[in-house]
Amino acid sequence: MKFVSTRGGVDPVSFQEAVSTGLAPDGGLFVPQELPDLSKEIATWEGLSYPALCERFFAKFATDTDAEELRETIENAYGSFDDPAIAPLRRLGDGLSVLELFHGPTLAFKDFALQWLGELYEKQIARSGKSIAVLGATSGDTGAAAIHGLLGKEGVSIFILYPDGRVSPLQERQMTCTGASNVYPLAIQGSFDDAQKSLKEVFGDQEFRAECGLSAVNSINLARILAQCAYYLFASLQIPAERRNRVRFVVPTGNFGNVLAGWLAHKMGMPAAGFVVATNQNDILHRFFSTGKYEVGSVRPSLAPSMDIQVASNFERFLYYQAGGDSVAVSRWMQDFSANGKVELPAPEGWGFASTATEDDHIETIIREVYEQYGYIVDPHTACGFTWERDPEEETILLSTAHPAKFPDTIEKATGKHVTHPSLEALKSHRIQKFPIEGTAENIQAFMRDHLPS
Ligand SMILES: *Cc1c(COP(=O)(O)O)cnc(C)c1O
C-alpha cells in the first residue's frame, strides 16, 4: 500500500515514509492511494480485543512493516490504558451509547493516536540511529497527549510551546509534571499567536530542520487518522449485526480529525447510517454542513477549548475524496480558502454528514440534564453532542472525547459534583518543570540547541 498527497505533487510513498514526513512536501496531506474494501472482512473481526483488531486493520496500511513489530507497537501503545476494553461502549438508554475514548494516560481521545505514533517513532529511530526533535504548539490537549506519547523514548527530545497562564491548571500539570528528562514544556510569554508564527519560521529553516531532525506532531499525521479508525470499527462490532447499518456516530469536532476517521472507516466498508459533526460555538463546520458556506469566523473561546478552531486542517482529506481524488481542485480550494478565508465548495448534500452546534451558555445545562437523566457525567466537549436530535429508530453512538475530571469547575457548577481521577490527583504532588521563554524564532531555536543531546 502506498500513500499520495491530497495536492498531487509527490510520488507515492510507503507507510513508514508517510508517518515520518507528517505533512507532504507539497503542502498537502497523505492519504492511502486506494482505500481497501473491508466490507466482507470486518464482520469476522467481531469479538476481537482492541489490540487484536488494530493489528488486523493497521496491517492493511503498514504493508512495509514487519507483523511482529507492528504488534509490539500496538501492545505498547494501548497497554497503559486504564480500562480493559480500551474503548468501552457504555449504554445510557434505549438506542444511545457513549464510546469512552478517555482511558489513556492524558484522559482525552488524542492518546489513541499519539501513543501509537510515539511507538512508531521509537522503532524508526532504533532503525535509523538518528535522533529526532519534536516541536509543537498547543493550547490544550494535543501537547499533553504528544508529551505522553513520547515520554522517555530513546532518541527523542520533545519541545511543546504553550501560552503561559492560558491553559487550564490540570492541562499544564499534564505537560510539566512528567519528571521525564526528554520533555521541555516552553511557557510562552507574550502573544501565543506570535509564537505560532515563530514556530512556522523554525519549521521553514531547512538548515535547522536537518541539523536537529525536526519533526511535527499535529493532527495531520496519517498514523493519527488510521489509529482513530480502529475505535469506530470496534464500537460498530458491539452493536448486533442486523442493526449496524442503523448506527449514527455523533462526534464532537474541531479539526475534523476524529470524525474523518469514522467516515473513512465507513468508506472502507464499515456499516453506518451516517455521521454528525458536533461543534461548539466555533461552528465553521456546522455552517458548512447546514448551509454549504465554508467561511472562517473569529475564534470565540469556549468551555470546550479543544474545539476552539476555525480552520479544520483535516477537512482537506475529506474534500479530496469528495472531489474523486482530483488534487488540482483540492489545491485550488485550499489556496482560495487560505487567501480569502472562504471558498465555494460543492454542495454537501448526500455526503453522509449532518451537524449541530452548541452555544457556550448551553453547555452546563446539558451536563446537568444528562446527569439527571442518566446518572452519567460528560465533559464539556462531549456535551456538545447532545444537541443532536436523535432518531429513535437509530442506534446513536456518541464519542466521548475527554474525561470529565479534566474540567472539574464546569462539572461542579453544572452538577454540584466534584469529579476527580487518580492520575490527575497524583500530578498535584509532582514538581512543575517548565521553561518560560519569549516566543521568538531565535529564542526557540537557541533553547533547542542548548538542550538537544550533542
Ligand atoms: C482535540 C479534541 C477534540 C476535537 O478533535 P478533532 O480531531 O480536532 O475534531 C474534541 N474533544 C477533545 C477533548 C479534544 O482534545
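Here, every reference points to the structure presented above.
Here we summarise the structure given alongside this text. (Residues numbered from 1 in each chain as written. Predicted model: local features only at pLDDT ≥ 70, side-chain atom pairs only at ≥ 80, totals over all residues. Heavy atoms only, no water.)

Turning next to helix H14 (residues 360–374). Along an α-helix, a turn takes 3.6 residues, which lines up residues three or four apart on a common side. Between the first and last C-alpha of H14 there are 22 Å, a value that for 15 residues agrees with the 21 Å anticipated at 1.5 Å per step. By the burial criterion, the buried members of H14 are Asp360, Ile363, Ile366, Ile367 and Val370. Angular distribution of buried residues about the axis of H14 spans 100 degrees; they occupy a single face of the element. Every exposed residue of H14 that faces more than 90 degrees away from the buried side is listed here: Asp361, Glu372 and Gln373. (Helix = DSSP H or I, 4+ residues; strand = E, 2+ residues; numbered from the N terminus. Expected span 1.5 Å × (residues − 1). Buried < 20%, exposed > 50% of the residue type's maximum accessible area, 1.4 Å probe, protein only. Arc of directions from axis to C-beta.)

The subject of this paragraph is the sheet that holds strand E3 (residues 89–93). Taken in spatial order, the six strands make up an open sheet running E3-E4-E14-E9-E10-E13, and their pairing is mixed. Since the sheet does not close on itself, it has two edges, and those belong to E3 and strand E13 (353–357), each with one partner. With strand direction ignored, the average angle separating the axes of adjacent strands in the sheet is 25 degrees. Pairing between strand E10 (residues 274–279) and E13: five bridges, direction parallel. Across the sheet, residue Thr279 finds its bridge partner in E13, namely Ala357. (Pairing = 2+ DSSP bridges. Axes fitted to C-alpha atoms, helices over the stretch in contact; angles between N-to-C directions.)

Ranked by internal contacts, the top residues of the largest apolar core, which has 108 residues, are Tyr78, Trp116, Phe249, Phe256 and Phe315. Examining the composition of this core, we find that twelve residues originate from one element, helix H9 (residues 222–236), more than from any other. If we ignore the near neighbours within four places in the chain, the residues touching Phe256 are Val277, Leu285, Phe289, Ala312, Asn314, Phe315, Phe318 and Phe353. Counting residues in each nonpolar core, the second largest holds 22 residues, with Leu161, Leu186, Val202 and Ala441 among its members. (Core = buried A, V, L, I, M, F, W, Y, C linked by side-chain atoms within 4.5 Å. Contact = heavy atoms within 4.5 Å.)

For the ligand, the set of nearby residues contains 14 residues, the closest of which are Lys110, Asp141, Gly254, Asn255 and Thr401. Contacts to the ligand include Gly257, whose backbone N or O atom sits 3.3 Å from an oxygen atom. The fraction of the free accessible surface of the ligand (380 Å²) that becomes covered by protein chains is 96%. For the shell around the ligand, the per-class residue count stands at four nonpolar, eight polar and two charged. (Near = heavy atom within 4 Å. Polar contact = N/O pair within 3.5 Å; in protein donor to acceptor, adjacent residues only side chain to side chain. Areas by Shrake-Rupley, 256 points an atom, 1.4 Å probe, with all protein chains shown as cover. Nonpolar A, V, L, I, M, F, W, Y, C, P; charged D, E, K, R; others polar.)

On to the sheet that holds strand E8 (residues 214–216), then. The strand order across the open sheet built from five strands is E8-E5-E6-E7-E15, with neighbouring strands paired in parallel fashion. On the outer flanks of this sheet lie E8 and strand E15 (435–438), each paired with one strand and no other. On average, each strand axis in the sheet is tilted by 30 degrees relative to the strand beside it, whichever way the strands run. Across the sheet, helix H4 (residues 110–128) is in contact with strand E5 (132–137), strand E6 (156–163) and E8; its angle to E5 comes to roughly 150 degrees.

This paragraph deals with the packing of helix H5 (residues 141–150) against helix H6 (residues 169–176). Two quantities define a packed helix pair, namely the angle between the axes and the distance from one axis to the other. The geometry of H5 relative to H6 is characterised by a closest axis approach of 8 Å and an angle of 25 degrees between their N-to-C directions. Judged by the inter-axis angle, H5 sits roughly parallel to H6. You can see that H5 and H6 cross each other, and the crossing is left-handed. When H5 is examined against H6, the residues Asp141, Gly143, Ala144, Ile147 and His148 are found in contact with a partner set consisting of Gln171, Gln174 and Met175. A per-class count over the contact of H5 with H6 returns three nonpolar, four polar and one charged. (Parallel < 35°, antiparallel > 145°, perpendicular 65-115°, else oblique. Left-handed = near helix turned anticlockwise from the far one by under 90°.)

So, on to the environment of Gly9. Here Gly9 lies in the loop between strand E1 (3–5) and helix H1 (15–21). Taking the relative accessible area as the measure of exposure, Gly9 reaches 56% and is therefore exposed.

Next up on the list: the pairing of strand E7 (residues 183–189). Counted residue by residue, E7 has six buried out of seven residues, so it is predominantly covered. Once you follow E6 into H6 and on to E7, the crossover reads as right-handed. (Right-handed = clockwise from strand over helix to strand, strands pointing away.)

For helix H11 (residues 284–291), every residue scored as buried is listed here: Ile284, Leu285, Phe288 and Phe289. Mapping the buried residues of H11 onto a view down its axis gives an arc of 125 degrees, with all of them on the same face. Taken together, the buried residues of H11 touch E10, strand E11 (293–295), helix H12 (315–322), helix H13 (327–340) and E13. Just downstream of H11, Gly292 is the residue with a positive phi angle, here 85 degrees.

Position of Gln124 among the secondary structure elements: in helix H4. The exposure class of Gln124 is buried, given its relative accessible area of 14%. Of the polar contacts made by the side chain of Gln124, one reaches the side chain of Gln16; its length is 2.7 Å. Setting aside chain neighbours within four positions, we find Gln124 in contact with Gln16, Val19 and Ser20.

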